[in-house]
Amino acid sequence: MSDAALTDHQESWFHRNQQAITPWLFLAPGVLFFAVYVIAPIFQSFNLSLYEWDGLGTAEFVGMRNYEDLYWEFVDRDAFYTSLKNNLIWLLAYLLAIPAGLFIALFLNQTVMGIRLYKSLFFFPFVISQVVVGLVFTWFYDPTFGLLNTMIGWVGLGPVNMLGDETLVTYGIILAGLWPQTAYCMILYLTGLNAVDPEQIEAGRLDGAKGWRMLWHVVLPQLRPATFIAFVVTIIGALRSFDLISIMTNGGPFGSSRVLAFYMFEVALSEYGFRMGYGAAIAVILFLIMLCFIAYFLWSMYREERGR
Amino acid sequence: MLKSFRATAASVALIAGMAGSAHADLTGDLVIFSDMSNPAPRAVMEGMVERFGEMHPDLNIELTIIDREAYKTQIRNFLTANAPDVATWYAANRMTPYVEAGLFEDVSDLWAEPAIAEGLASTKGAMTIDDKQWGVPYTYYQWGVYYRKDIFEELGLQEPTTWAEEMANCEKIVASGRACYTIGSKFLWTAGGWFDYLNMRTNGFDFHMDLLTGKASWESDEVRETFANWRQLIDMGAFIDNHQSYSWQEALPFMVQGDAAAYLMGNFAVAPLREAGLTDDQLDFYQFPAITEGVALAEDAPTDTFHIPANAANKEAAREFLRFVVSADNQTVINAGDALGQLPVNSNSSVDDDKFLNEGFAMLSSNSPGGVAQFFDRDAPAEMASVAMEGFQEFMVKPDELDRILARLERARGRIYK
């Protein structure tokens, strides 16, 4: 069939609807992969969480029993309670990366000799792998040979076993995570600061604004897009805190640094994990928590689009 | 009478069969998956394959060595999806999930062959589930107390054989400003070793096995007695501080530097201790002392094994490989001090002339009347092991929480054993 044949006769269905179909054709590969690798597994997890399965034999349908067990673990202040609590601590404490990143960015947003070098030094922790960050901080915290105890020893404070104390361990890991995360937020704000309108600063200055008032009323509103992105990546970072925990404490001491993602891995996929259904139930809970944030992000982006 | 006749007939048939297969040339592919990924075990594995290949030139052997930790999770996938002909694993309860799922081949026929039945009698129990054998062992090693002989001499101490002597020794060691024992409990299993010994010495091998198989209660008086003994050591400061932050390797320097006098460990700790500079004059070994009088001594001796997956393609060659692995000569070679440095499982093999191997061999063969256990996380189901070992670590840090910990373990028992 040639082009000539097409133009001679009435136009083909494809040609008539080209405008409408083309976007879908371009979207198709992405939609397909998203459906197969993201949407479908969500429903599979839901389904699996209703079964008891060791990953080898036949799965046994147990209804809501896995969720019931999770509920009792929560009531008994057991592993699930600890994981959920730690997840919340992670979400809240990790947000410190945003103001910290902002202030470093403000500090570095000047023109002096070698500022590029300073900027890259501050950005450096984000470039190295999370595993390396975890190892470095593990050695830093080491109760016998670590630098931390030597340093607090100078000011006369007693030795502290950061990663061996069940009340401190989560904060210790979060601190390690904040190091690269702050660098990430800093780079977002640095690019944001480039886009700040100098005329508005000038106008603000003429009106007598300076210091905090200048920052709060003139600079920050212009940094809104950067703040939004920093918020998104920090929340996501807090929810995927798995690697640092695995490297630094392996969930310990006695399970007090677990988060939901790590707990799920432990019961379903680790050396001793044979409870696929239970792991899936934890994953579903984690997904529901994430869903709150996803919904919020989508909603605020939608609002922004409409506002234009 | 009839039974013995049948057994004889069976063994005659098997000998005939074995003689046949030994001559028949093996052909095709033999795929071996191994978790012997550390340098020395890796060389041993490759050496074994090479020697087996020379015996069967027409056989094409493919050896895949997988990282030892990664192997523990990968085995579930490859046994179902892409089974090799031979795979390494561990004895006792660790086999259970795969045996129950029908993923391991029943190799009771090999165990009926006289060469194996006699040579490997001591490990038959650890390979048996439902009266059938599911694999063959290739090596095992003793656990016990490795200690700094020079520190003991300095303080005028003798190897303890009773709990009273042990406590007296420990008091002197603590008084000299050292810890009696180093331990790194970050990965939990080291605390499992302590529980194994304390419980087997306090309540005996049979109670220990009842507990690990779910027949006895974690809130029983016997278990409380075990923890009370453990607490005596904890309260006197016998263990190093902050052990919950260290792996077993990271706990070694305390012993090397003389901050701790001893280490309850498997024989694999000897190599790194020697590499760190301790000579055989400084390093020695003793059997964990008796606690309750009249309780027969029992030991931990984890056994590593070879299995044939049920979905294997070349089971004939796989069986021949298993025969080769457990043969007395091969056992002598692979367990030698310059190879695995462990104990051979075949009683006709010879133990390499190494101080610790000799002591371990003597201990396991003549001074372990109570029985030989595998290890806490191999004898107990995986789920129970992980919950319990976490409890042990918590107990070692916060001994006052014992009641809460035991209640948690008892709840886990109710859920796991059905």
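Residues numbered from 1 in each chain as written. Chains lettered and ligands numbered in written order. Predicted model: local features only at pLDDT ≥ 70, side-chain atom pairs only at ≥ 80, totals over all residues. Heavy atoms only, no water.

## Some points on the overall build of chain B
Here is step 1: Scanning chain B for helices and strands turns up 19 helices and 13 strands.
Here is step 2: For 418 residues, the compact-globule formula gives about 22 Å, and the C-alpha radius of gyration of chain B, at 22 Å, lands near that figure.
Here is step 3: Projecting the C-alpha coordinates of chain B onto the three principal axes gives extents of approximately 70 × 50 × 45 Å.
Here is step 4: Burial status across chain B gives 57% buried among its 418 residues. (Helix = DSSP H or I, 4+ residues; strand = E, 2+ residues; numbered from the N terminus. Rg over C-alpha atoms; globule rule 2.2 N^0.38 Å. Buried < 20%, exposed > 50% of the residue type's maximum accessible area, 1.4 Å probe, protein only.)

## A few points about the domain arrangement of chain A
Here is step 1: We note that the domain assignment places domain 1 (13-46) and domain 2 (75-307) within chain A.
Here is step 2: For domain 1 of chain A and domain 2 of chain A, the distance between their C-alpha centres works out to 34 Å. (Domains from an automatic or database assignment.)

## So, unusual backbone geometry
Here is step 1: In this model, Arg77(A) sits at a positive phi of 55°, which is unusual for a non-glycine residue.
Here is step 2: Within the secondary structure, Arg77(A) sits in the loop between α4 (65-75) and α5 (79-94).
Here is step 3: A positive phi angle, close to 55°, is found at Asp130(B), a residue other than glycine.
Here is step 4: Relative to the helices and strands, Asp130(B) is located in the loop between β4 (128-129) and β5 (132-133).
Here is step 5: Classification of Asp130(B) by relative accessible area gives exposed; the value is 61%.

## With respect to the domain arrangement of chain B
Residues and elements named next belong to chain B.
Here is step 1: Segmenting chain B into domains produces domain 1 (2-140 + 303-349) and domain 2 (143-300 + 370-416).
Here is step 2: Here the C-alpha centre of domain 2 lies 32 Å away from the C-alpha centre of domain 1.
Here is step 3: Each side of the interface is counted separately: domain 1 has 10 residues, and domain 2 has 7 residues.
Here is step 4: The junction of domain 1 with domain 2 conceals about 710 Å² of combined surface from both sides, 38% of it contributed by carbon and sulfur atoms.
Here is step 5: Considering only the surface of domain 1 that becomes buried against domain 2, Asn93, Arg94 and Thr303 emerge as the three largest contributors, covering 55% of it.
Here is step 6: Along the contact surface separating domain 1 from domain 2 lie 2 salt bridges.
Here is step 7: The partner of Asp377 in a salt bridge is Arg94, and the shortest N-O contact between them spans 3.6 Å.
Here is step 8: For the interface between domain 1 and domain 2, the tally reads 8 residue pairs in polar contact (both at pLDDT 80 or more). (Contact = heavy atoms within 4.5 Å. Buried area = accessible area lost by both parts, 1.4 Å probe. Salt bridge = Lys/Arg side-chain N within 4 Å of Asp/Glu carboxyl O. Polar contact = N/O pair within 3.5 Å; in protein donor to acceptor, adjacent residues only side chain to side chain.)

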